[in-house]
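# Examination of the molecular architecture
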Amino acid sequence: MVTILKIVAGTLLLLVILVGLAVRVIPRFLDRIYYRGPVSDHFDGEHFFNPDGKVAPDGVPGGGSRLAFLWRMVTGSDGRPAWPRHVPVTQGKPAARVDGDRLVVTWIGHATVLIQTQGLNILTDPVWSGVSGPFDRLGPTRVAAPGVAIDDLPAIDLILVSHNHYDHLDKTTLKRLWARDRPRIVTSLGNDSVIAQTGAASTALDWGQRVTVAPGIDVIATRAHHWGSRWGTDRNRALWSGFVLALPRGGNVYFTGDSGLGDGQWPAEDAAHGPIRLALIPIGAFRFVPGQMAAGSHIGPMDAVRVFARSRAARAIPIHWGTFRLSYEGYDTPLSMLDALMRGTGGDPASFAAIPIGDAVEIPPYAPPRRPDETKIAACMQDAAITSLP
């Protein structure tokens, strides 16, 4: 009996030691140095940060432990409104090329958009995987199929990757597109290290830097209010950004990436690069507790209307909703809320409205928009059309 007790005690002691070592060693093992460079107003020499203030993810959305949050997300045990398990999608087959100043866009789903103009085929944050998470197995499951089958994509010339979260940087998709087309890939600082794990090469930019991708066409990395991580312990080792695609005529295309409102000045900064013909603005994943309207690192429809107004974009397409369930709001709550806000603030609802997944939509050249009145947002938010939404 004494011998058995000694064995049990020894085993428990060994387990305690192993757990203690794991707590110390595993986080360091999972940490990664994605970028080394000079200190700046948003990089302290080790980690990137938002110069306009701290963003939520030092804790978890809605509070509590990270493990509990992940459990609620996986099991749906937090009382969230029901989502459809599958949303019907009619997949499109885009043209091989769109030449000249014509601009044709296809929403693939979430933050993935195919942009076709000037003879270039461009993808933003391409994600074709069925699950958004590690190993393509752990994480939110796709409820809407990609709007274009990956084999039906035209040859891709340029890919813009905003940051390293799994629902924006999908290594499986990047690896496949790189093997097929060898596209130019532009991202923000440090994410080139993650992308290199697929065998692909990329160009990493700091905020405000630009690169010429074709004659008369530049990509400019723009400031966003967000964060980055693949494993939790590598938090903010790589930068997050939006992009302005500066075009020779007809107005620019602005992809905001993922962002909270922060100081709210960045949309006007991006408009300073030239008139925005089309803005791709996120509206989903903003509610992690009932009634929440913004989540620090994500804008909801209320702030999306502000971004639209401040960017002075002629047209905007809402993205980052209705594909992966990442938060608490109902499936079509972001879109219903956006429509109510655009109407209530005197904006043109058609100028910031969703397009069906898989449909190719032509965007006319820039013309001065009828902008929503930001001073009316607070009153709109009290309307039952908004407060009644789950």
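Everything here concerns the structure above.
Our subject in this report is the structure included herewith. (Residues numbered from 1 in each chain as written. Predicted model: local features only at pLDDT ≥ 70, side-chain atom pairs only at ≥ 80, totals over all residues. Heavy atoms only, no water.)

### What about the overall build of the protein chain?
From N to C terminus, the protein chain includes nine helices and 13 strands. Residues classed as buried in the protein chain amount to 53% of the 390 residues present. Within the protein chain, contacts between residues separated by at least 24 positions form 69% of all contacts whose residues are at least 6 apart in sequence. Carbon and sulfur atoms make up 59% of the accessible area of the protein chain, which amounts to about 16700 Å² in all. (Helix = DSSP H or I, 4+ residues; strand = E, 2+ residues; numbered from the N terminus. Buried < 20%, exposed > 50% of the residue type's maximum accessible area, 1.4 Å probe, protein only. Contact = heavy atoms within 4.5 Å. Areas by Shrake-Rupley, 256 points an atom, 1.4 Å probe, with all protein chains shown as cover.)

### Digging into the nonpolar core
If you look at the biggest cluster of nonpolar residues, it comprises 66 residues, and the most contacted ones within it are Val105, Ile115, Leu245, Ile281, Leu341 and Phe352. Counting 20 residues, the second-largest nonpolar core is a separate cluster that includes Ile108, Ile150, Leu177 and Ala238. (Core = buried A, V, L, I, M, F, W, Y, C linked by side-chain atoms within 4.5 Å.)

### With respect to the sheet that holds strand β2 (residues 112-117)
Strand order in the open sheet formed by seven strands is β6-β5-β4-β3-β2-β1-β13, and the pairing between neighbours is mixed. In the strand order of this sheet, the two ends are held by β6 (203-205) and β13 (360-362), each with one partner. For this sheet, the mean inter-axis angle between neighbouring strands, taken without regard to orientation, is 20°. With four bridges connecting them, strand β4 (residues 158-161) and strand β5 (residues 184-188) associate as parallel partners. Bridge assignment links Val161 to a residue of β5, and that residue is Thr187. (Pairing = 2+ DSSP bridges. Axes fitted to C-alpha atoms, helices over the stretch in contact; angles between N-to-C directions.)

### Describing the packing of aromatic side chains
This model, assessed by the stated rule, comprises seven aromatic pairs. Both rings, one in Tyr35 and one in Phe43, keep their centres 5.1 Å apart while their planes meet at 70°; by these two values the pair is edge-to-face. Put simply, the rings of Trp83, Trp107, Trp321 and Tyr331 touch in pairs and so form one group of aromatic residues. It is Arg230 that lies over the ring of Tyr166; its NZ or CZ is 4.0 Å from the centre. (Phe/Tyr/Trp six-rings, centres within 6.5 Å; stacked < 30°, edge-to-face > 60°. Lys NZ or Arg CZ within 6 Å of the ring centre and 35° of its normal.)

Geometry only, nothing functional implied.
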